Amino acid sequence: MENIIEIRGLKKHFGQLEVLNDIRFSVAPGEVICLIGASGSGKSTLLRCVNLLETPDAGEILVHGQNILQGRMDVNRYRTKVGMVFQSFNLFGNMDVLRNCMVGQTHVLKRSKEEARQKALFFLEKVGMRDFLGASPAQLSGGQKQRVAIARALCMDPEVLLFDEPTSALDPEMVGGVLEVMKGLAREGLTMIVVTHEMGFARDVSTRVVFMDKGVIAEEGTPQDIFQNPQNPRTREFLSRYIQA
Amino acid sequence: MAEFFTKVLDIAQRYWPLFWAGAKVTLLISLTGTVIGLVIGLLVGSVRAVKVEPRDSLGVRIGKHLVHALTSIYIEVFRGTPMIVQSVFLYYLLKPVFKWNPVTAGIFIVSVNTGAYMAEIIRAGIQSVDPGQTEAARSIGMTSMQTMLLVVLPQAVKNSFPAIGNEFVVNIKDTSVLSAISVTDLYFQSIGVAGSIFAYTQTMAITASIYLVLTFTTTRILGLIEKQMGRPKSSFPASQTVPGNPTF
Ligand SMILES: Nc1ncnc2c1ncn2[C@@H]1O[C@H](COP(=O)(O)OP(=O)(O)O)[C@@H](O)[C@H]1O
Ligand SMILES: [Mg+2]
């Protein structure tokens, strides 16, 4: 099937620091890709390059075959197609749960209030947050915030949803609920790229695992390949830390 | 001592319409000036918070630097010179153009002066908003303008509300310098009364009391508003605070 996103020769540095070096990477519809790797290996930066929160220094990002780094690309339009779920939730602090899920629909996609509301209710129901419409983010637990953040992203009908360590900031008892939601989305065929340290999730849910090491993709393959038969010594070393833990 | 108070009461009784008229002008100018100043501050402060981005074209870059330089000059000049000097200078400078009366000129001067302070307050308020808020807004496709108006500014204003309110209180007191251009505010009226009956101490005791009542009341009202803003708009039953179950 045609790739939704295809990345070629992507480079990014911050000052002297080479963070991404010659990344080559593609995403086909329905794939659930887990990005794993040590802290500082460039996973977040890669994810942020995909929705242009960071501007790459070199390379191509082809979306349905069109290079978004070239020419007059409508970045905002593109970003509605690529949702992002952040480690720190980033719910809009000045809006309640319902408005968090509606504001992008009404102001970016120009949907009617009623349509936006229906959609918001649908996805809030789905993530189990329908009873919290009037709550402000400050009133919610971390797990609840993250589920609202997922609903907010889904309301934009993205083609791809990016997750940057969505459970890393959560208390352990909150992790399960968020992972359940993500598993459900994967089952429904949503295309997802997930940076995670939840190896169980990567093994059970992903269609492909990408191991990053010092700004390069050191190894990628099916969960079976990576977890049962890793080829690269650095992958083995990285995974051994999780298996012991 | 008793004589002093008798005199004070006597002046208050005889001249209260003048004090009252002056207090109204003081409130009018300080309130209007603070509101317009806030609008100026919101504009200038948000413009100054716009950063040069790597994707910007050369023209946009130059434009941004130019705007930054001009707004810097505005802020430095108005914060770095006394308002009494600004008022005399601008009143006479622009009188041939606007043909304005002192009160209009006073509102103009207080607005522009307050705007310079508000711009810095708003800029600091914008910087106090978590950058994650901006990223989330951009990630759902909002333009930088939408991000500013819908997400960042509302939180910046809320965060800097105490400082914004303080500008109002400061203005209630500092509009007294507009006497220099014959604005008939509380101080101007008081000096008139004091001079005509040669009782500066007693008159100013009244004047000070009125200023104190104005600033104290304002501070209290602002405090109440601040408290109200801190409260979540609506609440939901405690029974619903248990994490809901996702429906997958
Ligand atoms: N905005 C930035 N400015 C400077 N250095 C950065 C910035 N963002 C990330 N880095 C650096 O880039 C490297 C990779 O970061 P990141 O992509 O966040 O890694 P990961 O998500 O895998 O932990 C780290 O060394 C980090 O310190
Ligand atoms: Mg990271």
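Below you will find a few notes about this structure. It should be emphasised that the depicted structure is a prediction, and the values quoted were computed from it without experimental measurement.

**A few points about the overall build of chain A**
Link 1 in the chain: Each helix and strand in chain A was counted, giving nine helices and ten strands.
Link 2 in the chain: Overall, chain A is about 50 × 45 × 40 Å in size when its C-alpha atoms are taken along their principal axes.
Link 3 in the chain: Per-residue burial over chain A gives 57% buried out of 245 residues.
Link 4 in the chain: When contacts within chain A are restricted to residue pairs at least 6 apart in sequence, those whose partners lie at least 24 apart make up 65%.
Link 5 in the chain: Counting 29 positive and 29 negative side-chain charges, chain A places the centres of these two groups 4 Å from one another.

**Let's talk about the site of ligand 1**
Residue and element names in this part refer to chain A.
Link 1 in the chain: Every residue lining ligand 1 is accounted for by Phe 14, Leu 17, Val 19, Ala 38, Ser 39, Gly 40, Ser 41, Gly 42, Lys 43, Ser 44 and Thr 45.
Link 2 in the chain: Here an oxygen atom of ligand 1 sits 2.7 Å away from a polar atom, N or O, in the side chain of Ser 44.
Link 3 in the chain: Burial of ligand 1 by the protein chains amounts to 60% of its free accessible area of 560 Å².
Link 4 in the chain: Where the shell around ligand 1 is concerned, the elements lending two or more residues are strand E2 (17-27) and helix H1 (43-50).
Link 5 in the chain: Counting residues per element, the shell around ligand 1 draws most heavily on H1, at three residues.

**Notes on the pairing of E2 of chain A**
The two faces of the sheet receive side chains in turn, since in a regular strand these alternate between them.
All names here are of chain A.
Link 1 in the chain: The pairing of strand E1 (residues 5-14) with E2 spans seven bridges and is antiparallel. When the bridges of E2 are listed, Phe 14 appears paired with Leu 17.
Link 2 in the chain: As consecutive antiparallel partners, E1 and E2 are separated by two residues, and within that stretch Gly 15 has a phi angle of approximately 60°, a positive value.

**Describing the interface of chain B and chain A**
Link 1 in the chain: With 33 residues of chain B at the contact, the number on the chain A side is 46 residues.
Link 2 in the chain: Summing both partners gives a buried area of about 3,100 Å² for chain B against chain A, and 57% of it is carried by carbon and sulfur.
Link 3 in the chain: Summed over the shared surface of chain B and chain A, the number is one salt bridge.
Link 4 in the chain: Counting every contact that joins chain B to chain A gives seven residue pairs in polar contact (both at pLDDT 80 or more).
Link 5 in the chain: Counting only elements with at least two residues in the side of chain B that touches chain A, the list comes to helix H5 (131-139) and helix H6 (144-159) of chain B.
Link 6 in the chain: Sorting elements by how many residues they give to the side of chain B that touches chain A places H5 of chain B first, with seven residues.

**Considerations on the environment of Val 27 of chain A**
All names here are of chain A.
Link 1 in the chain: If you trace the backbone, Val 27 turns up in strand E2.
Link 2 in the chain: Considered as a pair, Val 27 and Ile 4 are 23 residues apart in the sequence and their alpha carbons are 5.8 Å apart.
Link 3 in the chain: Apart from the residues lying within four places of it in its own chain, the contact partners of Val 27 are Asn 3, Ile 4, Ile 5, Ile 33, Thr 191, Ile 193 and Arg 208.

**As for the sheet that holds strand E7 (residues 160-164) of chain A**
All names here are of chain A.
Link 1 in the chain: The strand order E6-E7-E8-E3-E9-E10 describes an open sheet built from six strands, whose pairing is mixed. Looking at strand neighbours, the two that pair on one side only are strand E6 (82-85) and strand E10 (216-221), the edges of this open sheet. Looking at each pair of strands side by side, their axes are set apart by 20° on average, direction ignored.
Link 2 in the chain: Here four bridges tie strand E3 (residues 32-37) to strand E8 (residues 191-195), and the two strands are oriented parallel to one another. Directly across from Val 32, in E8, lies its bridge partner Met 192.
Link 3 in the chain: Running over the sheet, helix H5 (residues 142-154) touches E6 and E7 and is turned about 170° from E6.
Link 4 in the chain: Of the strands in this sheet, E3, E7 and E8 touch helix H6 (residues 172-187), which is tilted by about 145° from E8.

**Things to note about the packing of helix H1 (residues 2-49) of chain B against helix H7 (residues 161-174) of chain B**
Residues and elements named next belong to chain B.
Link 1 in the chain: Axis separation between H1 and H7 bottoms out at 9 Å; the angle between their running directions is 145°. Both H1 and H7 take part in a crossing whose hand is right-handed. Residue-level contacts link Thr 26, Leu 27, Ser 30, Leu 31, Thr 34 and Leu 38 of H1 to Ile 164, Glu 167, Phe 168, Asn 171 and Ile 172 of H7.
Link 2 in the chain: Among the residues forming the contact of H1 with H7, the class breakdown is six nonpolar, four polar and one charged.

**Quick word on helix H3 (residues 83-98) of chain B**
Residue and element names in this part refer to chain B.
Link 1 in the chain: Relative to the 22 Å expected for 16 residues at 1.5 Å per residue, H3 spans just 20 Å between its end C-alpha atoms, considerably shorter than the ideal helical length.
Link 2 in the chain: In H3, a bend of some 30° at Tyr 92 exceeds every other bend along the element, and Pro 96, a proline, comes one to four places later.
Link 3 in the chain: When H3 is considered as a whole, its buried residues turn out to be Met 83, Gln 86, Ser 87, Leu 90, Tyr 91 and Leu 94.
Link 4 in the chain: In the core, the buried residues of H3 are packed alongside helix H2 (58-80), helix H4 (102-127) and H7.
Link 5 in the chain: One or two positions beyond H3, positive phi appears at Lys 99, with a value near 50°.

Cut-offs used in this document
Residues numbered from 1 in each chain as written. Chains lettered and ligands numbered in written order. Predicted model: local features only at pLDDT ≥ 70, side-chain atom pairs only at ≥ 80, totals over all residues. Heavy atoms only, no water. Helix = DSSP H or I, 4+ residues; strand = E, 2+ residues; numbered from the N terminus. Buried < 20%, exposed > 50% of the residue type's maximum accessible area, 1.4 Å probe, protein only. Contact = heavy atoms within 4.5 Å. Lys, Arg positive; Asp, Glu negative; His and termini not counted. Charge placed at Lys NZ, Arg CZ, Asp CG, Glu CD. Near = heavy atom within 4 Å. Polar contact = N/O pair within 3.5 Å; in protein donor to acceptor, adjacent residues only side chain to side chain. Areas by Shrake-Rupley, 256 points an atom, 1.4 Å probe, with all protein chains shown as cover. Pairing = 2+ DSSP bridges. Buried area = accessible area lost by both parts, 1.4 Å probe. Salt bridge = Lys/Arg side-chain N within 4 Å of Asp/Glu carboxyl O. Axes fitted to C-alpha atoms, helices over the stretch in contact; angles between N-to-C directions. Left-handed = near helix turned anticlockwise from the far one by under 90°. Nonpolar A, V, L, I, M, F, W, Y, C, P; charged D, E, K, R; others polar. Expected span 1.5 Å × (residues − 1). Bend = angle between axes of the 7 residues up to and from the residue.

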